[in-house]
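Coordinates in review
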Amino acid sequence: AAAWCAARSSRLRLSGLAARMFVEQVEVLRPASATPALNILCFTRPALVEDLRTSFADMPHVRLMGGSREVLKGIGRAFLAEPVGDNYYVSNDPAVVAAKSSYRDFLHRVWPQVRDMCDIDMVVASNFAQWAQRELHTVCEETGTPFVVLFKESLKPPGLVNFYGWLYEHRRGPFTGRRMLVYNEIERQLQLDRGTTTADRIVITGMPRLDRMHAWRRRHAAA
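Residues numbered from 1 in each chain as written. Predicted model: local features only at pLDDT ≥ 70, side-chain atom pairs only at ≥ 80, totals over all residues. Heavy atoms only, no water.

1. Points about the overall build of the protein
Short version of the rule: Working definition: helices are DSSP H or I runs of at least four residues, strands are E runs of at least two. Numbering for both runs from the N terminus. Values of the radius of gyration come from C-alpha atoms, whereas the globule rule sets the reference at 2.2 Å times the count of residues to the power 0.38. Pairs of residues are marked as contacts when any of their non-hydrogen atoms sit within 4.5 Å. Note that accessible areas follow from Shrake-Rupley with a 1.4 Å probe, and for residues the cover is restricted to the protein chains shown. The convention is simple: Lys and Arg are positive, Asp and Glu are negative, and His and the chain ends are not counted. Taken as the charge centre is NZ of Lys, CZ of Arg, CG of Asp or CD of Glu, depending on the residue.
In terms of helices and strands, the protein carries 9 helices and 7 strands. For the protein, the C-alpha radius of gyration of 18 Å lies close to 17 Å, the compact-globule estimate for 223 residues. Projected onto the principal axes, the alpha-carbon positions of the protein cover approximately 65 × 45 × 30 Å. For the protein, long-range pairs separated by at least 24 residues make up 73% of all intrachain contacts whose partners lie at least 6 apart in sequence. Per element, the accessible surface of the protein, about 10,800 Å² overall, is 55% carbon and sulfur. For the protein, the distance from the average site of its 30 positive side-chain charges to the average site of its 23 negative ones is 3 Å.

As structure tokens, this is what we get:
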């Protein structure tokens, strides 16, 4: 229902109502226990949330909030019709280019309201290619909110590297957010080779949610 209402309000270009529908679906995943708080909004995916919980386990000032991908998709579909999607975002079609521009302009009206109502300092997503978020990358950066991707799809065997390289370059296009965090060198090099991002904006972090397993392994390796 929230996604439908967000889509309807967006078609009517009611930015305040669309912002309110998004905010109504935001949930606190981890409250801050120290001040001043750093408020992070993530687009909820189980693996991403687990990685973030692990990353911020020793940072009591971090408040983690979850935003609805479905509500944002509802807003996005008011502007971008299929077949535009995660694996079809690069397009020279004038109608698609104009639709992206209209969507971006609308987000410029929606996002400041969402940011201020939720007191958001940073946005984190699990993949740069999620179509409804692509214009939000740009809008966040242009309005002073860092958009970071903690890229969970990084375990690619050699046989898939060329396929994903083609997909990144010809169907997904460049990342316009602040920083991309990846699990391994294979993913980092693939992103660089295909022009998705630049070397100063991509960092290898490993898989945070496996950290406690490695800690357990080190403790018990002798036994």
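Now, onward.
2. Some details on helix α3 (residues 46–55)
For an α-helix the count is 3.6 residues per turn, leaving residues at separations of three or four pointing the same way. For clarity, the threshold we go by: In this scheme, a residue with accessible area under 20% of its type's maximum is buried, one over 50% is exposed, and one in between is partly exposed, where area comes from a 1.4 Å probe on protein chains only.
Where α3 is concerned, the buried positions are Ala47, Leu48, Val49, Asp51 and Leu52. Tucked inside the fold, the buried residues of α3 contact β1 (27–30), β2 (38–43), β3 (62–67), β4 (122–125) and β5 (147–150).

3. What about the sheet that holds strand β7 (residues 202–204)?
What counts, and what does not: We call two strands paired when DSSP finds no fewer than two bridges between them. Note on geometry: axes are C-alpha line fits, over the in-contact stretch for helices, and angles between N-to-C directions span 0 to 180 degrees.
Spatial ordering of the open sheet is given by β1-β3-β2-β4-β5-β6-β7, a layout of 7 strands whose pairing is mixed. Edge positions in the sheet fall to β1 and β7, since each has one partner strand and no second. With direction set aside, neighbouring strand axes in the sheet form an average angle of 25°. Of the pairings in the sheet, the one linking β2 to β4 comprises 3 bridges and is parallel in character. In the strand pairing of β4, Cys42 is matched with Val124.

4. Some remarks on the environment of Arg13
Selection rule: Distance and chemistry together define a polar contact, namely a pair of N or O atoms within 3.5 Å, with one atom able to donate a hydrogen and the other to accept it when in protein, and with adjacent residues in sequence counting only for side-chain atoms on both sides.
Tracing the chain through its elements places Arg13 in the loop between α1 (2–11) and α2 (15–24). Using a relative accessible area of 37% as the deciding quantity, one classes Arg13 as partly exposed. Along the chain, Arg13 and Arg109 lie 96 residues apart, while their C-alpha atoms are 9.7 Å from each other. Once residues lying within four places of it in the same chain are set aside, the contact partners of Arg13 are Ala78, Phe79, Phe106 and Arg109. Within the structure, the side chain of Arg13 is placed 2.8 Å from the backbone oxygen of Ser10, a separation counted as a polar contact.

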